[in-house]
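Read off the chains here:
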Amino acid sequence: MIAIPHKAKQFLVFLTKLLIVGGAFYFIWNQLAHNEQLDWQKFLDLLDRKKSFWGILFLLSFSFFNRYFEILKWQNLAQVIERISIGKATEQVLSALTASIFTPNGIGEYGAKTLYFKKKEAKKVIFLNLICNGIQMILTIVFGTLGLLYFNYKFPIVSTKNILLLFGLLALVCGLLFGLKKITIKGYSLALLFEKINEIPRPIHQKNIVLAICRYLIFSHQYYFLFLAFDVELPYFLLMAAITSVYFLASSLPTFQFLDFAVKGSVAVYFFGLLGVNEWIVVFISTLMWFLNVVLPVLLGSYYVFNFKSKWKS
């Protein structure tokens, strides 16, 4: 192997950091500056009429606690490898978010977090991150399914016959997966996955579930209060059903973090359009959710990326 001089290695590391942070900033600026669906004048007029320090602080607090509970989730799971402080967990979560902003469905987050641990722990870090994100996806599916059923009851989109057929197919797939759980592909099987999951102490799983539920309730209600701020007056359960449905369907589509608001916005326009909500309001709220919960953490994560020092060693 050709040895890379220390100075050259330092330069390459710095260049990589610069590309990650610079790319993140470029994608954010590009989406905000060149999105023709965003009518900034309407937004500024509304902001001028409703400006409130406490109202803004209230909405920002949701973004803080949304990310804070994610940090607590990772701190809780990471103790399987080693105990880390809130500060370390914050650094790992935010820097991984920044590094994954232009990767499909945020998969770059998995690789980014492994760099904070020893090389031999890489597989375990990826597995724990899968558990961390997996519980959030399960909750999105559960709440989203309930929301879709309620929304469909109020605004019939899919017939009862098709809904029963869908649930029948889902039950069939689950049954097949359970029946084939011992089949091994390249050394991996569902049985082995369940075995690895059960190796994690139950209190850690329980805490992970509670924190994930708190996080889901926080960001879904931030969406709800933003609609109230934009003078959208709809029954609570109907509005929440639409919100949970949008999150469920949007999360099932392949996308990039920097396009997250566009995907959720397009799904939201359809659902909230049925409720009579103006399209520009839906697009703006989706954009604000993206800005508050992705852009702001990425800006903070950029600091950690620049100051990153890898533990990637044997």
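Residues numbered from 1 in each chain as written. Predicted model: local features only at pLDDT ≥ 70, side-chain atom pairs only at ≥ 80, totals over all residues. Heavy atoms only, no water.

1. Details of the overall build of the protein chain
Counting its regular elements, the protein chain contains 12 helices and 0 strands. Going from N to C terminus, the protein chain has its helices and strands arranged as α-α-α-α-α-α-α-α-α-α-α-α. Buried positions account for 42% of the 314 residues belonging to the protein chain. Partitioning the contacts of the protein chain with sequence separation of at least 6, the portion at a separation of at least 24 is 76%. Put simply, the protein chain shows about 18000 Å² of open surface, and 69% of that area lies on carbon and sulfur atoms. (Helix = DSSP H or I, 4+ residues; strand = E, 2+ residues; numbered from the N terminus. Buried < 20%, exposed > 50% of the residue type's maximum accessible area, 1.4 Å probe, protein only. Contact = heavy atoms within 4.5 Å. Areas by Shrake-Rupley, 256 points an atom, 1.4 Å probe, with all protein chains shown as cover.)

2. Comments concerning the packing of helix 4 (residues 86–99) against helix 12 (residues 279–306)
Packing of helix 4 against helix 12 brings their axes to within 7 Å, and their N-to-C directions diverge by 110°. Our classification of the angle between helix 4 and helix 12 gives roughly perpendicular. When helix 4 is examined against helix 12, the residues Thr90, Glu91, Leu94, Ser95, Leu97 and Thr98 are found in contact with a partner set consisting of Val294, Pro297, Val298, Leu300, Gly301, Ser302, Tyr304 and Val305. For the contact of helix 4 with helix 12, the class distribution of residues is 8 nonpolar, 5 polar and 1 charged. (Axes fitted to C-alpha atoms, helices over the stretch in contact; angles between N-to-C directions. Parallel < 35°, antiparallel > 145°, perpendicular 65-115°, else oblique. Nonpolar A, V, L, I, M, F, W, Y, C, P; charged D, E, K, R; others polar.)

3. A look at the UniProt feature "transmembrane region" (unreviewed entry) in the protein chain
Feature annotation in UniProt places "transmembrane region" (unreviewed entry) on residues 12–32, 52–69, 126–151, 163–180, 261–282 and 288–306, given in this structure's numbering. Here residues 288–306 is 100% helix and 0% strand, with 26 Å between the C-alpha atoms at its ends. (UniProt positions renumbered as here; feature names shortened; annotations may be inferred.)

4. A word on a nonpolar patch on the surface
Where nonpolar side chains cluster on the molecular surface, the patch consists of Ile138, Val142, Leu146, Leu149, Phe167 and Leu170 and spans about 530 Å² of accessible area. Among the elements of the structure, helix 6 (122–154) and helix 7 (160–179) are those that each provide at least two residues to the nonpolar patch. Counting residues per element, the nonpolar patch draws most heavily on helix 6, at 4 residues. When you line up the elements, Leu146 lands in helix 6. (Patch = residues over 30% accessible without salt bridge, like charges linked within 9 Å, V, L, I, M, F, W, Y side chains within 5 Å. Salt bridge = Lys/Arg side-chain N within 4 Å of Asp/Glu carboxyl O.)

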